[in-house]
Amino acid sequence: MADPTLFITDIFSSNNSSHHTELYGEERLIVRRGQPFVIVLRLNSDSKDFKLGETSFTLIVETGPLPRKQSGTKFTFSLSDHTVDTEWSASAISNSPRNTVSVSISSSPNSPIGVYSLTVDQEGQKTSLGQFTLLFNAWCPGDAVYMRSEPERQEYVLAQHGQIYRGTCKRITGTPWNFGQFEQGILDICLKILDENPKFVSDADKDCSARRNPIYVSRVLSAMINSNDDRGVLTGEWVNFVGGVHPGLWIGSGDILRKWAKSGPVKYGQCWVFAAVACTVSRSLGIPCRVVTNFGSAHDGNANLVIENLYNEDGERIDSGDSIWNFHVWVDSWMTRPDLGSEYDGWQTSDPTPQETSDGVCCCGPASLRSIKEGELTKKYDAPFIFAEVNADVVDLVRQSNGEFVKFSGSTNSVGRFISTKAVGSDKRDDITHQYKYPEGSKEERKVYERAKHNNKLQQQGEVPGLHLKIKLSDNMMVGSDFEVYAVLTNNLMEARTCNLMFFAKAVSYNGRLGESCGFTSDKVTVPAGEERRVSLRLKYDSYGSVINSDRLIQLSAIAINKQTIDYHKAEKTIVLDAPEIKIKLMKEATVNKPVTAEMTLLNTLPEPLKDCSFTAEGVGLTDGKPITVKIEAVGPKQEARASVKFTPSSAGSSVLLVNFDSDKLRNIKSFINVVVKY
């Protein structure tokens, strides 16, 4: 049986060194996920000899206040011959000296980060082995934050000092900053930030489970670094700094984080302070992170990707809600984006400065730099706002005396300039503008901007860029005629799309019950970017006449399939065929208690004769409360059915004469005429 005091002191230095956590400088186990670490178990003197490959026990690791296997916050595993790098596993690697056993434990590279408890279960007797902290692992290929380059890992995970660029695009100044992610107590404070976030408070189980995902963690940090919606770290202030520290006086993150841990939100921060603290927390948790400065940074208040500078006729500015900051600072974090696709992996922008809300909270991102550069603004999260920060157009408008605004100037290249971060391995400035946008004024840059505006408009309208399928109808769909209906494919993407389209027509009842088929066509369709293509289906009376019922309903269904992209689109529409009109004419003015005749005609629109034809008329105060039915002979194709009814109004005033036509093939055709009965 294992003794409760199982960790041997010298395992900390060896594990922490191999896991690149030795800089935390603490006598505790801090490891990175997806990578083995070693513990040493000291056995009781009265325990049976431990024999490699024969003796076994079970290990239990748990994180969060409500650990559950279903949530991925509790794992149970037994000793095996070797560890695997895709899941929690353990193997005994030595038992020398005799009363000790060295055990290698490997964690899943997809495990939630946080503080874990470790328990050994031997034949039902459980012994707590203590705790360890699990972090993201940029050195593990299976981890979502994996970086290939060792110099980049050194810079974006391990470097505790950096440069934050400020000033103007014509005078850029580097400001030194102490990130201090390995300072005493900072890691615990960073974990405390996660535990203070409202999502943890409302559902701790779900929140802890989601901490496996750096996308989720980055979004939580974006909200928690500012204090607008929660007990976040920093309070923003741009005018009055009474009662707090001027943002320009901070030189490092450690002091801010310790003040927050002690007494809550810290006064005050501005964009570079928010970003620097976010970088510290991200690196402390193991997410590669860099601080980025955007010169000429747009704040697009109405999400139209245009910064509108409004003036009155005296040249005075009018507040439009839009603005351009001399510079603005945010962070980029490195991770995969399985929610978007592998092409969007890499740097992701998050902005912890409270500007606009996202999902009701002051946070922004993470948004893939690929989506920003390519103008793919429907990609999560907050891509339109970030795109506008680096690539909005600027227009200058003057409000005339009649209230109308007239454009008098503008620029397409004043936003998003000299986007800067500290270079890897040196204090030099690295211009990364090309990672965010194509060269200013280039064809590619203008093309992306127009795409972004288009996608943004679609998004605001609730549409998603891609293929859109709908059904359009002919103007004339009279029962008995042959007519065309159309499946219309519209391509809102910037490249052509090809798909297989199938177009069906079936009779249907008003209650939705489908009948027999009355039309089908299929085709392979290529739709150029920004265009539409139609596939027509001709519905012939010979096909639908015998299967429709008196409701005259046909259900149209179009399906477009792109098997390569596994893209499916469907459009459905039920149509009602037009019926011929019953024409009603009173032969004289209606008078109380005097007979009057109404003539009724109907054109047989079918290409075949109608049999068992009849007209039925009825009206309150007109037909003595009873319907009057007149049967007529068969009506040939394209011929008129004619009949007349005689009735005697019983009361004066306004009334309505209702008429119904019936036959073997045309049924439930109705019309009416208003009748004013005089004395």
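Named according to an unreviewed UniProt entry, the protein is Protein-glutamine gamma-glutamyltransferase 2 originating from Seriola lalandi dorsalis. Note on the protein: under the UniProt heading Sequence similarities (unreviewed entry), the record states "Belongs to the transglutaminase superfamily. Transglutaminase family."

Colleague: Any chance you could explain the packing of aromatic side chains here in plain terms?
Modeller: Geometry of an aromatic ring pair is reported as the spacing of the ring centres plus the angle between the planes. The full count for this structure, using the stated rule, is 17 aromatic pairs. Plain terms: the ring middles of Phe-295 and Phe-327 are 6.3 Å apart, the flat faces sit at 50° to each other, and that makes the pair tilted. Of this pair, Phe-295 sits in strand E13 (residues 289-299) while Phe-327 sits in strand E16 (residues 323-335), placing them 32 residues apart in sequence. The exposure class of Phe-295 is buried, given its relative accessible area of 0%. When its relative accessible area of 16% is taken as the criterion, Phe-327 is described as buried. When the ring of Phe-504 is compared with that of Phe-520, the centres are 4.9 Å apart and the planes differ by 45°; the resulting orientation is tilted.

Colleague: Can you walk me through the nonpolar core in this structure?
Modeller: The tendency in soluble globular proteins is for nonpolar side chains to be buried as a group. Leu-539, Tyr-544, Ile-554, Leu-657 and Phe-661 are the most contacted members of the largest nonpolar core, which has 58 residues in total. Domain assignment of the residues forming this core places at least three in each of domain 3 (467-576) and domain 4 (582-677). Leave out the neighbours within four places in its chain, and Leu-657 touches Ile-584, Ala-598, Ala-617, Glu-618, Gly-619, Leu-622, Thr-623, Phe-647, Ser-671, Phe-672, Ile-673 and Val-675. Counting 56 residues, the second largest nonpolar core, distinct from the first, contains Val-157, Leu-191, Val-273 and Phe-295.

Colleague: Explanation requested: the pairing of strand E12 (residues 266-269) in the structure shown.
Modeller: The side chains of a regular strand alternate, residue by residue, between the two faces of the sheet. The pairing of strand E11 (residues 234-236) with E12 spans 3 bridges and is classified as parallel. Looking at the pairing, Gly-236 lines up with Gly-269 of E12.

Colleague: Before we go on, may I ask you to explain the sheet that holds strand E24 (residues 483-491) in this structure?
Modeller: Hydrogen bonding along the main chain pairs the strands of a sheet, whether they run parallel or antiparallel. A sheet is described by the order of its strands in space; here 3 strands give the open sequence E23-E24-E27, paired in antiparallel fashion. Unpaired on one side and paired on the other, strand E23 (467-473) and strand E27 (532-539) mark the two borders of the sheet. Each adjacent strand pair in this sheet contributes to an overall mean axis angle of 20°, direction not counted. Note that E23 and E24 share 7 bridges and pair antiparallel. Bridge pairing links Leu-469 to Leu-489 in E24.

Colleague: Mind showing me how you'd approach helix H2 (residues 150-158) here?
Modeller: Think of an α-helix as turning once every 3.6 residues; residues three or four places apart then point the same way. For H2, the set of buried residues is Arg-153, Glu-155, Tyr-156, Val-157 and Leu-158. In this structure, the buried side of H2 is in contact with strand E1 (30-32), helix H8 (271-285), E13, strand E17 (346-350) and strand E21 (417-422). Backbone nitrogen of Glu-152 and a side-chain oxygen of the N-cap are separated by 3.2 Å at the start of H2; the cap is Ser-149.

Colleague: Just checking my understanding: could you explain the packing of helix H3 (residues 186-196) against helix H7 (residues 253-263) for this structure?
Modeller: Packed helices, taken two at a time, are described by their axes: the angle between them and the distance between them. Relative to each other, H3 and H7 sit at 55°, their axes nearing to 10 Å. Between H3 and H7, the angle falls in the class oblique. Our pair here, H3 against H7, has a crossing hand that is left-handed. From H3, Ile-186, Ile-189, Lys-192, Ile-193 and Glu-196 reach across to H7, where they touch Gly-254, Leu-257, Arg-258, Trp-260 and Ala-261. Its residues placed into classes, the contact of H3 with H7 shows 6 nonpolar, 1 polar and 3 charged.

Colleague: How do you make sense of the packing of H3 against H8 when you look at a structure like this?
Modeller: Two elements in contact, H3 and H8, have axes separated by 9 Å at closest approach and are oriented at 100°. Put simply, H3 runs roughly perpendicular to H8. Residues Ile-186, Leu-187, Cys-190, Leu-191, Ile-193 and Leu-194 of H3 form the contact with H8, whose participating residues are Thr-280, Val-281, Ser-284 and Leu-285. Residues of the contact of H3 with H8, tallied by class, amount to 8 nonpolar, 2 polar and no charged.

Colleague: Would you mind showing me how to read the confidence of the model for the protein here?
Modeller: Residues of the protein with pLDDT of at least 70 account for 91%, and the chain-wide mean is 87. A low-confidence stretch, residues 1-10 stays under pLDDT 50, and its non-local contacts, those more than four residues away or across chains, total 33 contacts.

Colleague: How should the environment of Leu-489 be read in this particular structure?
Modeller: Positionally, Leu-489 belongs in strand E24. Residues Leu-489 and Arg-534, spaced 45 residues apart in sequence, show a C-alpha to C-alpha distance of 6.4 Å. Not counting residues up to four positions away in its chain, the partners in contact with Leu-489 are His-468, Leu-469, Cys-499, Leu-501, Val-525, Val-527, Glu-531, Glu-532, Arg-533 and Ala-560.

About the cut-offs
Residues numbered from 1 in each chain as written. Predicted model: local features only at pLDDT ≥ 70, side-chain atom pairs only at ≥ 80, totals over all residues. Heavy atoms only, no water. UniProt positions renumbered as here; feature names shortened; annotations may be inferred. Phe/Tyr/Trp six-rings, centres within 6.5 Å; stacked < 30°, edge-to-face > 60°. Helix = DSSP H or I, 4+ residues; strand = E, 2+ residues; numbered from the N terminus. Buried < 20%, exposed > 50% of the residue type's maximum accessible area, 1.4 Å probe, protein only. Core = buried A, V, L, I, M, F, W, Y, C linked by side-chain atoms within 4.5 Å. Domains from an automatic or database assignment. Contact = heavy atoms within 4.5 Å. Pairing = 2+ DSSP bridges. Axes fitted to C-alpha atoms, helices over the stretch in contact; angles between N-to-C directions. Polar contact = N/O pair within 3.5 Å; in protein donor to acceptor, adjacent residues only side chain to side chain. Parallel < 35°, antiparallel > 145°, perpendicular 65-115°, else oblique. Left-handed = near helix turned anticlockwise from the far one by under 90°. Nonpolar A, V, L, I, M, F, W, Y, C, P; charged D, E, K, R; others polar. pLDDT = per-residue confidence, 0-100.

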